[in-house]
Structure formats: structure tokens, C-alpha cells
Amino acid sequence: MDLLLSDEQQEIASTVASLLTDDLGNDTIDVRRTPTPINRETWARYGELGWFSLGLDEGLGGVGYGLAEEAILFREIGRQIPPGPFLASTLSARLAALGGQSQLAGSIAAGRTLVALAEPRNPDSAAGASISGSFDLFDGQDAEYVLIVTPRGAALVAAEDLGSLQPTACIDPSVHLATVDLSGAGAALYRPAGDDLLFERGTILIAATLAGVAEAVRDMATEYAKVREQFGRPIGVNQAVKHRCADMAILAEAAAAQVFFAAVSVDEGRGDAAFQASAARIVATDAALEGARANIQIHGGMGYTFECDANLFLKRSHVLDRQLGDKYAELDRLIDLPQAI
Amino acid sequence: MDLQFSVADLSFREEVRTWLEENAPKDRPQNDRKALTEYDINWQKIQWAGGYAGISWPAEYGGRGASLTQQLVWFEECGRAGIPGIDTCFVGINHAGPTLIASGTDEQKSFHLPKILRGDVIWCQGFSEPGSGSDLASLSTRGIIDGDELAVTGQKIWTSFGDKAQYQELLVRTDASGSKHKGITWIIGDMSAPGIEVRPIETMAGDADFCEVFYDEARFPLTSVVGRLNDGWNVAMSTLSFERGTAFMLSQVALAQVVEELIDVARTHTGPDGRRPAIADDEISRHLAQTRADVAALRAMTYLSISRGAKYGTPGPEGSISKLRYSDLSQRVGRLAIDVLGHDALNFRSRSQLHSWVQEYLRSYAASIGGGTSEIQRNIIGDRVLGLPR
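Values in this document were obtained by computation on a predicted structure and should not be read as measured data.

(A) Structural context of the domain arrangement of chain A. Residues and elements named next belong to chain A. As far as domains go, chain A holds domain 1 (7–192) and domain 2 (198–336). Inter-centroid distance (C-alpha atoms) of domain 1 to domain 2 is 21 Å. On the domain 2 side, the residues contacting the 35 residues of domain 1 number 35 residues. When domain 1 packs against domain 2, close to 3,100 Å² is buried across both sides, 69% of that on carbon and sulfur atoms. The largest contributions to the domain 1 side of the interface with domain 2 come from R33, L67 and I81, which together make up 23% of the buried area. The interface formed by domain 1 and domain 2 contains six salt bridges. Put simply, R79 and E215 hold a salt bridge, and the shortest N to O gap is 2.5 Å. Linking domain 1 with domain 2 are 15 residue pairs in polar contact (both at pLDDT 80 or more), by the criterion used here.

(B) Examining the packing of helix α11 (residues 327–336) of chain A against helix α8 (residues 282–312) of chain B more closely. Where α11(A) contacts α8(B), the axes come no closer than 8 Å and their chain directions differ by 80°. The angle between α11(A) and α8(B) places the two elements in the roughly perpendicular class. Contact with α11(A), carried on its side by K327(A), Y328(A), L331(A), D332(A), L334(A) and I335(A), involves S285(B), R286(B), L288(B), A289(B), Q290(B), R292(B) and A293(B) of α8(B) and no other residues of that element. For the contact of α11(A) with α8(B), the residue count by class is seven nonpolar, two polar and four charged.

(C) Local environment of the domain arrangement of chain B. Residues and elements named next belong to chain B. On domain assignment, one finds that chain B holds domain 1 (7–85), domain 2 (123–231) and domain 3 (248–385). A C-alpha centroid distance of 32 Å is found between domain 2 and domain 3. Counting from both sides, the interface comprises six residues of domain 2 and, opposite them, eight residues of domain 3. The junction of domain 2 with domain 3 conceals about 540 Å² of combined surface from both sides, 53% of it contributed by carbon and sulfur atoms. For the domain 2 face of the interface with domain 3, the top three residues by lost area are S134, M204 and A205, together amounting to 72%. Counting across the interface, domain 2 meets domain 3 through one salt bridge. The residue R363 makes a salt bridge to D207 at a minimum N-O spacing of 2.8 Å.

(D) Expanded view of the packing of aromatic side chains. Per the counting criterion, the structure on display carries 16 aromatic pairs over all chains. Consider the rings of Y46(A) and W51(A), whose centres lie 4.3 Å apart with planes at 10°: the pair is stacked. Judged on exposure class, the residue Y46(A) and its partner W51(A) are both buried. Look at W19(B) and W43(B): their rings are 6.0 Å apart centre to centre, the planes differ by 35°, and that puts the pair in the tilted class. On the criterion of sequence distance, the pair formed by W19(B) in helix α1 (residues 7–23) and W43(B) in helix α2 (residues 33–50) is long-range, its members being 24 residues apart. Through successive ring pairs, a cluster of aromatic residues spans W43(A), Y46(A), W51(A), F52(A) and F86(A). The ring of F306(A) carries R33(A) above its face, with NZ or CZ at 5.7 Å from the centroid. Positioned above the aromatic ring of F214(B), the side-chain terminus of R199(B) is 4.1 Å from the ring centre.

Procedures and definitions
- Residues numbered from 1 in each chain as written.
- Chains lettered and ligands numbered in written order.
- Predicted model: local features only at pLDDT ≥ 70, side-chain atom pairs only at ≥ 80, totals over all residues.
- Heavy atoms only, no water.
- Domains from an automatic or database assignment.
- Contact = heavy atoms within 4.5 Å.
- Buried area = accessible area lost by both parts, 1.4 Å probe.
- Salt bridge = Lys/Arg side-chain N within 4 Å of Asp/Glu carboxyl O.
- Polar contact = N/O pair within 3.5 Å; in protein donor to acceptor, adjacent residues only side chain to side chain.
- Axes fitted to C-alpha atoms, helices over the stretch in contact; angles between N-to-C directions.
- Helix = DSSP H or I, 4+ residues; strand = E, 2+ residues; numbered from the N terminus.
- Parallel < 35°, antiparallel > 145°, perpendicular 65-115°, else oblique.
- Nonpolar A, V, L, I, M, F, W, Y, C, P; charged D, E, K, R; others polar.
- Phe/Tyr/Trp six-rings, centres within 6.5 Å; stacked < 30°, edge-to-face > 60°.
- Buried < 20%, exposed > 50% of the residue type's maximum accessible area, 1.4 Å probe, protein only.
- Lys NZ or Arg CZ within 6 Å of the ring centre and 35° of its normal.

What follows is the structure, encoded as C-alpha cells:
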């Protein structure tokens with residue numbers, strides 16, 4: 001039993017972190033504050049590095065690591081919140097590979113084919129062989145497919161079968177948001193929920209991203225509390241500030257611990273993997289949203305500006321909370337699951 | 001990263017589970033503190049007979065010498081067997097014993113350690129004073145050297161089981177001339193010494209095993225000093241970090257079981273609306289789900305800190321994170337139980353299993369005060385984990 005990152009996993013984390021830092025720094029436009037088309041070159045490079053197929057078996061064209069390594073990658077995404085359909089790409093590459101569409105899987109994994117996430121706006125709109133209902137579409141620009149993942153099953157729909165999109169500005173300025181109504185659109189691929197655990201995997205990756213957000217805002221707030229001086233002393237000496245930072249640290253630690261516990265539960269085929277995934281999402285959502293709120297507060301007037309990153313972490317957390325269900329749906333699911341092993 | 005236990009740990013789990021099924025005492029008394037003390041001591045004796053006493057103590061001192069992972073296995077299985085804590089024996093097993101092992105003389109060890117392990121004695125803690133709570137180092141109970149004895153005068157407070165204990169880990173001021181952290185001495189206090197008076201204090205939960213202790217020139221031999229004279233602060237601190245490391249593991253692990261029991265109660269017990277089971281109320285149901293998630297994370301945090309302990313050795317200040325999270329969560333669980341009980345929540349001191357939730361709710365208020373308040377834990381996290389300026 002070991003919940004610490006191995007040296008190899010640590011290496012994955014630092015490689016991802018430094019590449020994201022470079023890419024976000026090198027862009028001539030501030031991609032986290034401006035809706036921008038996906039940089040296809042960057043996206044293909046991530047694909048080449050195996051970022052979208054990290055946990056997919058080598059036999060299915062993946063890198064052959066587990067969900068734990070994917071969670072490590074998504075935690076880094078949460079720490080830096082780059083734009084792009086990371087979740088949809090990772091889940092759809094797996095869905096296509098498991099569904100026997102290896103060519104499509106390869107193209108998504110390589111970062112050549114873009115996939116957007118479509119989230120049902122109500123429980124009646126759901127995935128199936130034929131899809132109807134109203135959906136929120138995340139990062140639909142240039143997407144060739146959209147992915148729908150629900151607890152009942154997952155589907156890929158070709159973008160040309162979608163009909164008209166109604167784009168709308170997103171609370172998170174880096175996210176392309178649109179709504180779309182489908183009536184009987186045929187799925188290019190549909191798999192009912194089962195051993196794939198696609199919904200649970202997605203839930204854990206969302207939780208991992210939120211855990212990364214919680215760690216980023218904890219660090220941002222703590223660093224600021226060390227250097228910002230008022231009344232002649234750093235504000236971090238005050239317990240009102242210090243204890244808030246401590247609470248952020250507690251939330252972040254709980255989120256990361258539970259995310260990795262859940263990811264390993266899936267990798268090891270534990271019977272309570274769904275329980276652990278659900279718990280991870282709930283705990284990580286709290287950690288990110290409460291941490292993001294505290295971070296804005298600790299930054300004072302600066303925290304309220306668009307220029308300060310604090311608002312971006314809050315907004316991304318809200319976007320993540322609306323993908324693959326939400327916290328309320330997760331609470332209602334968790335109470336009905338058998339207890340943890 | 002893995003959740004696999006080694007073959008040795010798995011067979012240890014099997015062994016422990018079977019042994020607990022056959023030997024763990026059943027029906028822990030809920031509201032009768034005298035019976036609870038007898039239960040705890042009896043359980044300690046059973047552990048000794050079975051070779052599990054002092055699970056974390058080194059084998060050379062009669063303990064089990066279990067690895068961190070095996071300690072976890074032990075506590076998980078105890079939780080599963082319905083043994084939520086070791087209240088009466090806590091100080092002896094988790095505090096006094098480890099302190100003697102770390103800093104005691106051979107005579108002190110050979111005299112006291114077997115007694116603690118066998119459940120022959122109860123220890124209590126004489127740290128806090130009316131004027132020295134969170135600021136423990138300001139303590140002023142005086143110890144004056146007189147020949148080969150220390151004469152102690154002053155007062156201690158919040159001494160759990162002070163009325164039942166034979167021994168006390170007693171911090172006294174033996175030198176008031178220097179800084180407050182220096183000049184403190186850690187002594188083994190024999191509670192039967194003349195000049196000691198113990199007065200129970202009734203708690204908000206209606207218990208009275210919480211005491212204040214008065215010393216009027218109570219005399220203790222100098223051979224009862226643990227560690228060096230005037231070095232008691234360091235002696236005490238070395239085991240406080242131990243306490244924050246693994247000593248709370250059992251209650252943390254057991255809390256998961258408590259939450260599951262509460263969910264079971266909510267499924268059958270009529271809730272606040274007087275008509276439906278409590279769980280039919282969306283707000284109660286979601287709060288129950290939330291505690292389920294939080295208690296899962298608490299367990300993951302325990303696993304994480306064991307992983308850290310196994311890799312880096314001594315438990316770090318991160319222990320404060322789990323402790324805080326546990327105290328907060330146990331209070332929320334207690335509060336939630338009150339909502340689940342609905343109209344039955346006001347019934348106090350009944351012997352029924354259901355009403356023990358009320359008692360536990362009231363007791364949960366101690367969790368964020370004892371063993372270092374939550375505010376002090378937040379200071380520790382801020383200062384030592386996050387490196388914030390003091």
C-alpha cells in the first residue's frame with residue numbers, strides 16, 4: 001500500500017507541468033483569458049507525448065499506464081488550467097478503442113481529431129444509439145466529434161450530425177460554450193455502461209483537475225500571504241489569514257488523497273471503485289470551489305480583478321462542476337451505492 | 001502507487017480478524033462510564049493475552065512491534081469489530097508508554113511498561129492548568145527539589161480519568177528563571193501520593209471522568225523524573241507528534257463505520273417531518289452522502305500519511321491535517337445524527353442504542369479542543385506545513 005507518487009510518476013508530473021508552463025508562457029495571446037481556437041500543433045504534440053492515451057492499454061494503441069497516471073496528468077492541468085478538450089479527448093480515445101474503432105481512437109489519441117464534450121441539460125437527454133435532447137457543448141470549435149458520457153453509457157456523435165449550435169459566452173473565458181438540440185441523431189459509436197467504467201474514469205479525472213485547482217489556489221494564497229504586507233507585517237501572520245490558508249491545505253490534501261485512492265481503486269479493479277470515484281468528485285469539488293473563493297478573498301482587491309489568476313481558477317472549477325453531472329447528482333448517486341470495502 | 005497489502009499483511013489481517021471475532025468484547029456500554037472503564041481495561045487485558053497489546057510499541061518493550069501498515073490493518077479490523085476507541089487506556093498506551101520508551105530509565109521502563117500493556121494501571125495526563133491551556137509552556141505548577149524528592153504544589157485541569165488513574169504524566173516547573181520552555185520537568189506522578197486531591201468536573205455530555213487535580217506539597221522521588229531535569233518540554237513534545245501521527249488512527253478509521261451506522265438508522269428511523277424515514281429528506285440524504293465522501297477522504301488521508309511515514313520515518317506536521325479533519329467531521333456526523341433522530345433527539349441519558357447518538361453528539365465537542373485545539377492545529381499547519389510567517 002503506497003499512495004505516494006513513484007519516481008516515474010513524479011517524472012510524468014514534472015514533465016507535464018513544465019511543458020504546460022512553457023506553452024502557456026510562449027503563446028502570444030493569453031489563451032486562458034481569450035477564447036482561442038485550439039493550437040493544433042500544440043495539441044498534436046500532446047498527442048504524440050501520449051497525453052490522451054496515457055491509461056489506455058498498449059494493445060489498444062495506448063501508452064499502457066493506468067488511471068493513476070492520467071489523474072496525475074489532470075492534476076497538473078488543474079494546477080495551470082490550460083484551455084482545450086483534455087477530458088473529452090482522453091475519454092473518447094478510450095471509448096473508440098474499446099468500441100473497436102481503432103483508427104478513430106488513434107487519430108484522437110494523436111491529437112489530430114478534436115472531440116468536444118456534450119453534457120445533457122436534463123436527465124431525459126441521454127446517450128444511446130439515437131440521441132435526443134438539449135446539450136451543453138464544451139470546446140466544440142473545430143471538433144469532428146462530440147462525446148456524451150452518462151452513468152448509463154457513452155456515445156460519440158459526428159459533429160456534422162449535430163445540427164445548428166448556439167454559441168454563448170462562457171463564464172470561463174477560455175472555454176468555448178454552445179448549446180445544441182438533438183432529435184434522434186445517430187451515434188457513430190455507443191457503448192452502454194459496464195466494465196469500461198468510462199463515467200467513473202471521467203469523474204475521477206474531473207476530480208483530479210479540481211484537486212489540482214485546490215493545490216494551485218492554496219499555493220497562490222499562501223505565497224501572497226507571505227509577501228503582501230499591511231500594518232508593517234506580512235498578512236500571513238494574522239490567524240484570520242493563516243487559518244484560511246490552513247483550511248485550504250486541508251481541503252487540498254483531502255482531495256488529492258481521495259483522487260489517488262479512487263484512481264488506484266479503478267486500476268486495481270476494487271469492488272468499491274464507483275464509491276471511491278463518487279467520493280473523490282464530491283471532496284474535490286468542495287476543495288476547489290472553497291479554495292478558489294478563499295484565494296480571491298486573501299488577494300483582496302487584486303483578487304477581484306480579471307488580471308489576477310484567482311478568478312480563472314474559480315471559473316474553471318464551476319465549469320468542471322457542470323461536466324459529467326454535478327455535485328448534487330453525485331451526492332444522490334453516492335448515498336445509494338453500497339458502502340466502501 | 002497501489003492499494004495492495006503484502007502477503008504478510010494480508011495474512012496478518014486474516015489472523016487479526018479471526019482473533020477479534022473470537023476475542024473482542026461485545027456490547028460496549030454506551031452511557032455508563034464506570035462500566036466503560038471496566039470494559040476498556042478488560043479489553044486491554046484481552047489484547048495482552050492475545051499478544052496484541054501495544055500494537056505500535058517496539059517488541060523489545062513487550063509491544064507488538066507492528067509496522068505502520070499492520071497498525072492500520074489492526075485499527076481497521078478493530079473498527080470493523082465495533083471497538084471505537086480505548087478511552088481509558090489511551091494515555092498509557094499512546095502517550096506515557098511511548099514517552100517512557102523514548103526517554104525513560106531502564107528501571108522506569110521495566111517497572112511501568114508491562115503494567116501499562118497488561119492493563120494493570122490507568123494513566124492520566126497532568127499537562128494543562130487553569131492558566132496554561134494552548135500556551136502549555138507557561139505552566140506554573142511548582143516542583144521544588146528537597147533532598148531526593150520533588151515537592152509539587154499547584155493545579156492541573158482537564159485530566160481525563162484523573163479519578164481512576166494510578167499514575168500521571170506530570171509536567172512541573174522546576175526552574176522559573178529562564179525561558180518558559182526551559183525549566184519544565186516531566187515526572188511520573190503516583191496518584192496515591194499524599195497532598196493530591198482529585199475533583200471530577202461534569203462535562204457538557206454529562207460525564208464526570210474529567211478532573212481537576214490539586215497538589216499541596218505532594219512529594220515524588222527524583223527517580224520519577226523522566227529524561228533530564230528541566231528538559232521536560234522536549235520529552236513531552238517528542239511524544240505529542242507521535243500522538244498526532246498514529247494514535248488517532250483508530251477513531252479516524254472507526255468514524256467510517258459510525259457514518260454507515262447512521263445511514264442505516266436514517267433508512268428506518270422517522271425523520272424530522274414525523275412521517276417519512278429521515279433519509280427521504282433530500283437535505284439529510286445529501287448531508288449523509290457528503291459525510292460518506294468526507295470520511296472516505298479521511299481514510300485516504302490516513303493511507304497517505306502512512307505512506308509518508310513508511311517512506312520518510314517519523315510522522316510530520318501533516319498529522320495535524322488529519323486530526324483537524326477528523327474533529328470537524330466527527331462533530332458534523334454528531335450534528336447530523338441529531339437531525340436524523342428528529343423528535344427523539346432531545347432524549348438524554350436513556351440506555352437505548354438510539355439515544356447514544358445524542359451522547360456522542362455532545363461528546364464530539366471535545367474533539368476540536370482536546371489534544372491541541374483546532375486553532376493550534378491550524379497554526380501548526382500554517383507555520384510548519386505552509387511556511388507562513390509567525
